[in-house]
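Coordinate inspection notes
Next come the chains, spelled out residue by residue.
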Amino acid sequence: MDNIVIIGAGLAGATAAHTLRKEGFDGGITLVGAEEHHPYIRPPLSKGFLAGNEDEGSLLPYPVDSYAEKRIDFLPRETAEQLDREAGEVRLASGKTMKYGQLLLATGATPRSLPISGADLPGVHCLRTLEDSKELREALVNNAYEQHDRRVVLVGSGWIGLEVAATARTLGAEVAVLGKDKIPLEGVLGAELGTVFLDRHRKAGVTFHPETSAAGITAANGRASGVVTDSGLELPADLVVIAVGVTPNTELAEAAGLTIQNGILTDQSMRTSDPRIFAAGDVANPFHPVLGEHQRSEHWANAINTGKVAAKAMLGKPAVLNHIPYFYTDQFDLGMEYSGYGPLARDAKVVARGDTSSGEFIAFWVIPVSSDKGRVVAGMNVNIWDVQGPIKALIRQENEVNLQQLADLSVPLDSL
Ligand SMILES: Cc1cc2nc3c(=O)[nH]c(=O)nc-3n(C[C@H](O)[C@H](O)[C@H](O)COP(=O)(O)OP(=O)(O)OC[C@H]3O[C@@H](n4cnc5c(N)ncnc54)[C@H](O)[C@@H]3O)c2cc1C
């Protein structure tokens, strides 16, 4: 049957739908989304949108009209509840049943909750959807809560926790962050570069509680009033934001018997264990040919890349996910882009180009091959722009580079 059904109207699903048309597919495309909105991007929800500097329109990756123009049948407020692979059918919560020729699962991920007392009190937030961000913004920007000093406690010191901390602090709130790591972002960036972000937050007045978890949330007047830590501290809070990672939304795929392993397992063309079914975005765990292993990624660029690869592969075109993973963050005046292979960077040496304490530098992760040469596996630019091209080229070329030259600001990156 010449029709494609896409479950999940986030960035991955929307990208796949538009790519199918761009690649000349003329059959039916149905895009099923549980949310009421046209597909939107999430990064601003913890940054510019949360701060009140960006409006809803700026969140759209494709204009609202483009769905009708491209003959993409968009079904908002519809949740796929059951997948019958033998019949090639999806059943929606509304009772509607849809036949598919091929299916794409782009169901994204859900914030993890914390099994602690008080986690469901008013004043306790998580952040994934536009509504979540609006609620938080209402509290932070418009002082929606009465009797507050706007004390915010962030549980979780990953990307989203730190971004919300930065936004809340910029808006004038008193902010404390609890994190399991000794240094935030240490797992991804290593201690030295994690400290760059830690120092920036501290400079802005954010308080950090490293190697600390939340043990419970206290209540006063029917809403959250503080966080009790596992070290016995009691931190007063008017707002608590829980940002302790996400879980991929695999229920539909799992119940249908697809192979699940840290997400929906796919090959390098985003095909699942059922050849008629593909997966993309946060929910997919694709095989990456460069790494030689599966790697699930929870980033904006991955949603776009995997959406495109899945769409092309569905049309029988050659398509392989061989992109260098990329992500970015903005915290206070630190804007950062990172490209590279995280699993390889874990054992690599960091080579800084510029002073890391200056707030403007590039850092490379290099696998040394001799005392003065190495292979670049990742690179991050902080407040230096338009260098992602040369950074990616260095990672892609797999040649050995001279480490002294790599660190030398006077040697152009594209000459290495
Ligand atoms: C606050 C925030 C800030 C972020 N900042 C950055 C950043 O700075 N840089 C970066 O690289 N990445 C960032 N990300 C990550 C990035 O937004 C995600 O990787 C991206 O949204 C994943 O897109 P997706 O389409 O796979 O999933 P999602 O965006 O989660 O979309 C999936 C959609 O599927 C729907 N759905 C689920 N199940 C069903 C079903 N059964 N039936 C119908 N619909 C269903 C969901 O409701 C959802 O709308 C951020 C994420 C958040 C939440």
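This text follows the structure it describes.
Here, residues in each chain are numbered from 1, in the same order as that chain's written sequence. Reporting in this predicted model follows two pLDDT cut-offs: at least 70 for local features of residues, and 80 or more for side-chain atom pairs to be given and counted; totals over whole chains, interfaces and linings ignore these cut-offs and use all residues. As a rule here, side-chain values cover all heavy atoms of the structure and leave hydrogens and water aside.

Considerations on the nonpolar core
Quick reminder of the rule: Nine residue types can take part in a nonpolar core, namely buried Ala, Val, Leu, Ile, Met, Phe, Trp, Tyr and Cys, and a core is a set of them joined through side-chain atoms within 4.5 Å. Burial classes: relative accessible area under 20% of the type maximum marks a residue as buried, over 50% as exposed, and values in between as partly exposed (1.4 Å probe, protein chains only). Residues are treated as being in contact if the distance between any of their heavy atoms lies within 4.5 Å.
Membership of the largest hydrophobic core comes to 94 residues, with the highest contact counts inside it found for Leu-105, Leu-189, Trp-365 and Met-380. In contact with Met-380, not counting residues within four places along its chain, are Leu-189, Leu-193, Phe-197, Met-336, Glu-337, Tyr-338, Phe-361, Ile-362, Ala-363 and Trp-365. Membership of the second largest hydrophobic core comes to 16 residues, among which are Ile-324, Tyr-341, Leu-403 and Leu-413.

Details of the packing of aromatic side chains
Spelled out, the test is: Here a Phe, Tyr or Trp ring, Trp counted by its six-membered ring, pairs with any other such ring whose centre lies within 6.5 Å, and the pair is stacked when the planes are under 30 degrees apart, edge-to-face when over 60, and tilted otherwise. Helix and strand assignments come from DSSP, with helices taken as H or I runs of at least 4 residues and strands as E runs of at least 2, each series counted from the N terminus. Lysine and arginine charges are scored as sitting over a ring when NZ or CZ, respectively, is within 6 Å of the ring centre and within 35 degrees of the ring normal.
Scanning the entire structure with this criterion turns up eight aromatic pairs. On the basis of an interplanar angle of 80 degrees and a centroid distance of 5.6 Å, the ring pair of Trp-300 and Tyr-328 is categorised as edge-to-face. Of this pair, Trp-300 sits in helix H9 (residues 300–314) while Tyr-328 sits in strand S22 (residues 326–331), and the two are 28 residues apart along the sequence. Judged by its relative accessible area of 25%, Tyr-328 falls in the partly exposed class. For the ring pair Phe-327 and Tyr-338, a centre distance of 4.9 Å and an interplane angle of 20 degrees mean the geometry is stacked. One end of the pair, Phe-327, is in strand S22; the other, Tyr-338, is in strand S23 (residues 334–340), with 11 residues separating them in the sequence. No difference in accessibility class separates Phe-327 from Tyr-338, as the two residues are buried. These aromatic residues form a ring-pair network of at least three members: Trp-159, Phe-197, Phe-327, Tyr-338 and Trp-365. Across from the ring centre of Phe-49, 4.1 Å away, lies the NZ or CZ of Arg-137, which sits over that ring.

Quick notes on the site of the ligand
Quick note on the threshold: By convention in these notes, a residue is near a molecule or strand provided one of its non-hydrogen atoms lies within 4 Å of it. We call two N or O atoms a polar contact when they sit within 3.5 Å, provided that within protein one can donate a hydrogen and the other can accept it, with sequence-adjacent residues counted only if both atoms are side-chain atoms. To measure how exposed things are, a 1.4 Å probe is used in the Shrake-Rupley method; for residues, cover is taken only from the protein chains shown.
Taken together, 34 residues are adjacent to the ligand, and Glu-35, Arg-42, Lys-47, Arg-128 and Asp-282 come closest. In this structure, an oxygen atom belonging to the ligand sits 2.6 Å away from a side-chain N or O atom of Glu-35. Contact distances for the ligand include 2.7 Å between an oxygen atom and a side-chain N or O atom of Asp-282. When isolated, the ligand has an accessible area of 1000 Å², and the protein chains bury 93% of it. Residue assignment for the shell around the ligand shows that the elements contributing at least two residues are helix H1 (11–22), helix H5 (159–170), H9 and S22.

Things to note about the sheet that holds strand S14 (residues 223–229)
Backbone hydrogen bonds hold the strands of a sheet together, and the pairing may be parallel or antiparallel. Convention followed: When DSSP locates at least two bridges between a pair of strands, those strands are taken to pair. Lines fitted to C-alpha atoms define the axes, with helix axes restricted to the stretch in contact, and inter-axis angles between N-to-C directions lie between 0 and 180 degrees.
The three strands lie next to each other as S13-S14-S15, forming an open sheet whose pairing is antiparallel. Every interior strand has two partners, whereas the edge strands, strand S13 (214–220) and strand S15 (234–236), have only one. Here the average twist between neighbouring strands, direction ignored, is 30 degrees.

Description of empty space enclosed by the protein
To be explicit about the condition: Think of a 1 Å grid over just the protein atoms. A cavity is a set of points where a 1.4 Å probe fits yet cannot get out, a pocket is an open set with protein on both sides within 12 Å along at least five of seven lines, and lining residues have an atom within 4 Å of a point. Grid points are joined across faces, edges and corners, and a volume is the space filled by probe spheres set on the points. Under the convention adopted here, Pro, Cys and the residues Ala, Val, Leu, Ile, Met, Phe, Trp and Tyr are nonpolar, Asp, Glu, Lys and Arg are charged, and Gly plus all remaining residues are polar.
If you walk through the whole model with that rule in mind, you get three cavities of 30 Å³ or more. Taken as a whole, the largest cavity holds about 150 Å³ of empty space. In terms of lining residues, the largest cavity is bounded by Pro-286, His-288, Gln-295, Ser-297, Ala-301, Asn-302, Asn-305, Leu-321, His-323, Ile-324, Pro-325 and Tyr-326. For the lining of the largest cavity, the elements supplying multiple residues, two or more each, are strand S20 (284–288) and H9. Among the elements that line the lining of the largest cavity, the one with the most residues is H9, at three residues. Broken down by class, the residue content of the lining of the largest cavity amounts to six nonpolar, six polar and no charged. By volume, the second largest cavity is sized at about 50 Å³. Taken together, Ser-157, Gly-179, Asp-181, Lys-182, Pro-184, Leu-198, Arg-202, Phe-208, His-209 and Pro-210 form the lining of the second largest cavity. Those elements giving two or more residues to the lining of the second largest cavity turn out to be helix H7 (191–203) and strand S12 (207–209). Here the residues of the lining of the second largest cavity sort into four nonpolar, three polar and three charged.

Side note on helix H4 (residues 130–141)
Here is the rule we go by: An expected span of 1.5 Å times one less than the residue number is assigned to each helix.
Spanning 12 residues, H4 covers 15 Å between terminal C-alpha atoms, matching the ideal 16 Å at 1.5 Å per step. Tucked inside the fold, the buried residues of H4 contact helix H2 (48–51), strand S9 (124–125), strand S10 (151–155), H5 and strand S16 (239–242).

Some points on the pattern of salt bridges
Condition: In what follows, salt bridge is the name for a side-chain nitrogen of Lys or Arg lying within 4 Å of a carboxyl oxygen of Asp or Glu.
Across all of its chains, the model carries 13 salt bridges by this definition. In this structure, Lys-99 and Glu-89 form a salt bridge, with 3.2 Å as the shortest nitrogen-oxygen distance. With a gap of 10 residues between them, Lys-99 in strand S6 (residues 97–99) and Glu-89 in strand S5 (residues 89–92) connect regions that are remote in the sequence. For Lys-99, a relative accessible area of 41% puts it in the partly exposed group. Exposure remark for Glu-89: the relative accessible area of 22% places this residue in the partly exposed category.

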